[in-house]
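As a plain string of letters, each chain reads:
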Amino acid sequence: MDYSYMKRAIELSKLGIGYTYPNPLVGAVIVKNNRIIGEGYHAHYGGPHAEINALKSAGEDVKGSTMYVTLEPCSHYGKTPPCANAIVKSGIEKVIVGMKDPNDLVAGRGIEILKKNGIEVIVGVFEEEVKKLNEIFIKYITTGLPFCIMKTAMTLDGKIATATGDSKWISNELSREYVHEIRHRVSGVMVGIGTVLEDDPSLTTRLKYKNGRDSARIIVDTKARIPLEANVLNLNSDVNAKTIIATTELAQEEKLKALEDMGAEIIVTPQKSSKVDLTYLMRRLGDMGIDSILLEGGAALNYSALNEGIVDKVVSFISPKIIGGDKAKSPVGGTGKKYVDEAIKLEDIKVSQLKEDIVIEAYVKGVRGQCLQE
């Protein structure tokens with residue numbers, strides 16, 4: 001088996017980043033006589049799957065060939081017909097699968113269809129790599145909850161702003177570009193009302209080298225204090241990139257009505273310690289089809305999110321600068337833990353560098369198992 005073909009399928013699947021949700025990222029390569037004769041990927045939700053695009057692209061008869069596909073071919077009718085049936089009809093004799101589909105509608109049935117029709121199937125090639133690539137899809141399809149990425153940017157001494165509140169810019173341009181890549185991938189960006197009042201962000205996706213897709217903007221605002229002139233309420237943005245105000249019954253009805261009149265969607269959650277119940281909010285967002293969230297909150301919201309266990313992954317940018325100051329904020333605030341052994345622990349740590357900035361990506365221990373180990 002030539003593993004380079006599965007590597008190629010994985011690279012193809014990445015071309016769909018930002019466009020396929022809530023579907024997975026999938027790439028497929030068809031090989032005959034040690035040559036690639038067809039390849040494809042799932043380009044957008046509702047469009048043909050990777051296997052179908054690969055079959056369509058084939059420059060010659062695929063009969064007797066091998067297909068490398070990152071995810072088990074589907075076996076059910078959704079937006080498109082079953083890919084497993086199309087593979088059987090094509091005459092392909094062998095299928096190499098990166099991972100089984102965790103979706104209950106498939107869950108081995110696609111592989112079973114292939115085997116019953118005499119096609120040799122091998123499963124689990126670069127499985128961990130494929131799982132990590134589809135960590136958002138796996139959590140959402142198995143739990144109904146969004147995959148939550150908490151992003152922080154701080155100086156070497158752990159400050160996200162000076163004592164006066166100035167934070168432009170802690171991280172460098174490349175790091176900020178990477179954050180916009182994440183915004184492009186997820187279906188929601190969440191901040192607290194403190195961030196809106198202090199920075200008045202737009203929360204749009206701005207990428208230099210391609211058209212970024214805007215995500216839903218989610219504002220956690222216990223009393224609906226958001227100004228009606230806030231940028232997030234006055235954007236000419238993607239049609240699906242709505243602004244959602246997550247609030248409680250502490251908000252005034254007149255203010256909520258005014259926000260709705262401006263096109264905002266309101267979610268009223270129960271109170272939890274006199275704040276928005278983040279666990280309840282995540283369930284509601286999942287029900288709305290939001291499969292992933294980039295949390296760009298301030299110190300208070302970050303702590304609440306970690307404390308309630310809604311954060312799956314942390315991406316932290318560390319800039320080689322020192323600000324100092326007892327009153328300068330750190331990325332995570334709140335009441336904090338009393339003892340070191342109560343600390344929220346991270347695992348599967350990846351460290352990289354963007355110019356002078358250090359980037360640490362890791363998973364919250366005890367949470368990641370909900371998605372990658374299904």
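Rules used throughout
- Residues numbered from 1 in each chain as written.
- Predicted model: local features only at pLDDT ≥ 70, side-chain atom pairs only at ≥ 80, totals over all residues.
- Heavy atoms only, no water.
- UniProt positions renumbered as here; feature names shortened; annotations may be inferred.
- Helix = DSSP H or I, 4+ residues; strand = E, 2+ residues; numbered from the N terminus.
- Buried < 20%, exposed > 50% of the residue type's maximum accessible area, 1.4 Å probe, protein only.
- Contact = heavy atoms within 4.5 Å.
- Axes fitted to C-alpha atoms, helices over the stretch in contact; angles between N-to-C directions.
- Parallel < 35°, antiparallel > 145°, perpendicular 65-115°, else oblique.
- Left-handed = near helix turned anticlockwise from the far one by under 90°.
- Nonpolar A, V, L, I, M, F, W, Y, C, P; charged D, E, K, R; others polar.
- Domains from an automatic or database assignment.
- Buried area = accessible area lost by both parts, 1.4 Å probe.
- Salt bridge = Lys/Arg side-chain N within 4 Å of Asp/Glu carboxyl O.
- Polar contact = N/O pair within 3.5 Å; in protein donor to acceptor, adjacent residues only side chain to side chain.
- 1 Å grid on protein atoms, 1.4 Å probe; cavity = no way out; pocket = protein on both sides within 12 Å on 5 of 7 lines; lining within 4 Å.
- Points joined across faces, edges and corners; volume = space filled by probe spheres on them.
- Phe/Tyr/Trp six-rings, centres within 6.5 Å; stacked < 30°, edge-to-face > 60°.
- Core = buried A, V, L, I, M, F, W, Y, C linked by side-chain atoms within 4.5 Å.
- Pairing = 2+ DSSP bridges.

The protein chain is annotated in an unreviewed UniProt entry as Riboflavin biosynthesis protein RibD of Clostridium bovifaecis.

When the UniProt feature table is mapped onto this chain, "binding site: Zn(2+)" (unreviewed entry) is found at His49, Cys74 and Cys83. The greatest C-alpha distance among the residues just named is 9.0 Å, despite their covering 35 residues of sequence, which places them together in space. When you line up the elements, cysteine 74 lands in the loop between β3 (66–71) and α3 (83–90). Judged by relative accessible area, cysteine 74 falls into the buried class, the value being 6%. When sequence neighbours within four positions are dropped, the list of residues in contact with cysteine 74 reads His49, Glu51, Pro81, Pro82, Cys83, Ala84 and Val106. Inspection of the secondary structure assignment puts cysteine 83 in helix α3. Accessibility expressed as a relative area gives 1% for cysteine 83, which makes it buried. Setting aside chain neighbours within four positions, we find cysteine 83 in contact with His49, Glu51, Ile52, Pro73 and Cys74.

A few words now on the packing of α3 against helix α4 (residues 109–116). At their nearest, the axes of α3 and α4 sit 9 Å apart, and the two run at 20° to each other. The angle between α3 and α4 places the two elements in the roughly parallel class. Every pair of crossing elements has a handedness; the one defined by α3 and α4 is right-handed. Only Gly110, Ile113 and Leu114 of α4 make contact with α3, whose side of the interface consists of Ala84, Asn85, Ile87 and Val88. When grouped by side-chain class, the residues that make up the contact of α3 with α4 number five nonpolar, two polar and no charged.

All right, on to the domain arrangement of the protein chain then. Many descriptions give the size of an interface as the accessible area lost when the pieces come together. Taken as a whole, the protein chain is organised into domain 1 (3–134) and domain 2 (145–364). Using only C-alpha atoms to locate each centre, domain 1 and domain 2 end up separated by 35 Å. Opposite the nine residues of domain 1 that make contact, domain 2 presents nine residues. Between domain 1 and domain 2, the buried area comes to about 800 Å², and carbon and sulfur atoms account for 48% of it. Note that lysine 132 and aspartate 348 form a salt bridge whose closest N and O atoms lie 3.1 Å from each other. Taken together, the connections running from domain 1 to domain 2 amount to four residue pairs in polar contact (both at pLDDT 80 or more). A breakdown of the residues in the side of domain 1 that touches domain 2 according to their chemical character gives six nonpolar, two polar and one charged.

On to the layout of surface pockets, then. Its volume calculated, the second largest pocket comes out at about 650 Å³. Lining the second largest pocket are 23 residues, with Ile17, Tyr178, Arg185, Lys313 and Glu361 positioned closest to its centre. Here the element with the most residues in the lining of the second largest pocket is helix α7 (residues 173–185); it accounts for four residues. Of the residues that make up the lining of the second largest pocket, three or more belong to each of domain 1 (3–134) and domain 2 (145–364).

A word on the packing of aromatic side chains. Note on aromatic pairs: each is described by the distance of the centres and the angle between the planes. By the definition in use, this model includes three aromatic pairs. Residues tyrosine 3 and phenylalanine 126 carry aromatic rings whose centres are separated by 5.8 Å and whose planes lie at 80° to one another, so their mutual orientation is edge-to-face. With tyrosine 3 in the segment before α1 (4–13) and phenylalanine 126 in the loop between β5 (120–123) and α5 (127–133), the pair connects residues that are 123 residues apart, well separated along the chain. Between tyrosine 178 and phenylalanine 317 the ring centres are 6.0 Å apart and the planes differ by 75°, which places this aromatic pair in the edge-to-face class.

Counting 38 residues, the largest nonpolar core has Ile30, Met67, Ile92 and Val95 as the members making the most contacts within it. For this core, the element with the highest residue contribution is α1, accounting for five residues. When near neighbours in sequence (up to four residues on either side) are disregarded, methionine 67 contacts Val29, Ile30, Glu51, Leu55, Ile87, Ile92, Lys94, Val95 and Ile96.

Right, let's get into the pattern of salt bridges. Using the criterion set out here, one finds 17 salt bridges in the structure. Close ionic contact of glutamate 129 with lysine 7 constitutes a salt bridge, the shortest N to O distance being 3.0 Å. Here glutamate 129 is found in helix α5, whereas its partner lysine 7 is found in helix α1, with 122 residues between them in sequence. What makes lysine 7 partly exposed here is its relative accessible area of 36%. Glutamate 361 is the partner of lysine 313 in a salt bridge, and the nearest nitrogen-oxygen pair spans 3.8 Å. Highlighted residues: lysine 313 in strand β14 (residues 313–319) and glutamate 361 in strand β16 (residues 357–364), separated in sequence by 48 residues. Given the relative accessible area of 11%, lysine 313 is considered buried.

If you trace the five strands from one edge of the open sheet to the other, you get β2-β1-β3-β4-β5, paired in mixed fashion. Each edge of the sheet is formed by a strand with only one pairing partner; in this case those strands are β2 (35–41) and β5. Strand-to-strand twist of the sheet, defined as the mean angle between neighbouring strand axes without regard to direction, takes the value 15°. By the bridge criterion, six bridges tie strand β1 (residues 27–32) to β2 in an arrangement that is antiparallel. Paired with isoleucine 30 across the two strands is glycine 38, which belongs to β2. Relative to β1, α1 is tilted by about 145°, and along the sheet it contacts β1, β2, β3 and β4 (94–99).

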